Amino acid sequence: VYITLETSDINNKNLNVEIIDQTGRMVEKINTGTFTGFNVLSINSSAWKSGLYLVRISNDKNETSTLKVVKL
C-alpha cells in the first residue's frame, strides 16, 4: 500500500498512521516522524488477510484523515 502525504506546515510533527481491520483491531501503527513537503509512505500488506481496512492518519494538532483500503 502506498500513501502519499504532503504538507507545507513545518510544525507538522509526528504523523501517526494506524491500520485497522474490519473488527476494529489495530493491525499496524506507524509513526512517520517529522517531514515537510511531498512524501510517499510504503506499507507492507502481505501479512494482512483479505478484507476491508481503515487507514487513519493523524497529527499532533488532532487533525485526522481516514481512508478505506480493500485487500483482495
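For the structure, see preceding data.
Residues numbered from 1 in each chain as written. Predicted model: local features only at pLDDT ≥ 70, side-chain atom pairs only at ≥ 80, totals over all residues. Heavy atoms only, no water.

## Digging into the environment of W48
So, step 1. In this structure, W48 sits in the loop between β4 (37–42) and β5 (51–58).
So, step 2. Sequence separation between W48 and K71 is 23 residues; the distance between their C-alpha atoms is 7.5 Å.
So, step 3. Once residues lying within four places of it in the same chain are set aside, the contact partners of W48 are V1, I19, V27, E28, I43, Y53, V69 and K71. (Helix = DSSP H or I, 4+ residues; strand = E, 2+ residues; numbered from the N terminus. Contact = heavy atoms within 4.5 Å.)

## Quick notes on the environment of I43
So, step 1. With respect to the helices and strands, I43 occurs in the loop between β4 and β5.
So, step 2. For the pair I43 and I19, spaced 24 residues apart in the sequence, the C-alpha separation amounts to 9.6 Å.
So, step 3. Ignoring any residue separated from it by four or fewer positions in sequence, one finds I43 in contact with V1, I3, V17, I19, E28, I30 and W48.

## What to know about a nonpolar patch on the surface
So, step 1. A cluster of nonpolar side chains, Y2, F38 and V40, forms an exposed patch at the surface whose accessible area comes to about 390 Å².
So, step 2. Tracing the sequence through the fold places V40 in strand β4. (Patch = residues over 30% accessible without salt bridge, like charges linked within 9 Å, V, L, I, M, F, W, Y side chains within 5 Å. Areas by Shrake-Rupley, 256 points an atom, 1.4 Å probe, with all protein chains shown as cover. Salt bridge = Lys/Arg side-chain N within 4 Å of Asp/Glu carboxyl O.)

## Some details on the pattern of salt bridges
Side-chain pairs of opposite charge can arise where the charged atoms are in close proximity.
So, step 1. Applying the stated criterion across every chain, the model contains three salt bridges.
So, step 2. Of the charged contacts in the structure, one is a salt bridge between E18 and K29, with a shortest N-O distance of 3.9 Å. Separated by eleven residues along the polypeptide, E18 in strand β2 (residues 16–20) and K29 in strand β3 (residues 26–31) bring together distant segments of the chain.
So, step 3. We classify E18 as buried; its relative accessible area is 12%.
So, step 4. K29 gets classed as exposed once you look at its relative accessible area, which sits at 54%.
So, step 5. A salt bridge links R25 to D21, with the nearest nitrogen and oxygen atoms 3.4 Å apart. (Buried < 20%, exposed > 50% of the residue type's maximum accessible area, 1.4 Å probe, protein only.)

## Things to note about the nonpolar core
The nonpolar side chains of a soluble globular protein tend to be buried with one another.
So, step 1. One finds I3, V17, I19, I43 and V55 to be the most contacted residues of the largest nonpolar core, which totals 13 residues.
So, step 2. For this core, the elements supplying multiple residues, two or more each, are β1 (2–7), β2 and β5.
So, step 3. The leading source of residues in this core is β5, at three residues.
So, step 4. Here V17 is in contact with I3, E28, K29, I30, T32, L41, I43, V55, R56 and I57, once residues within four sequence places are set aside. (Core = buried A, V, L, I, M, F, W, Y, C linked by side-chain atoms within 4.5 Å.)

It is worth stressing that arrangement in space is one thing and function is another; only the former is reported here.
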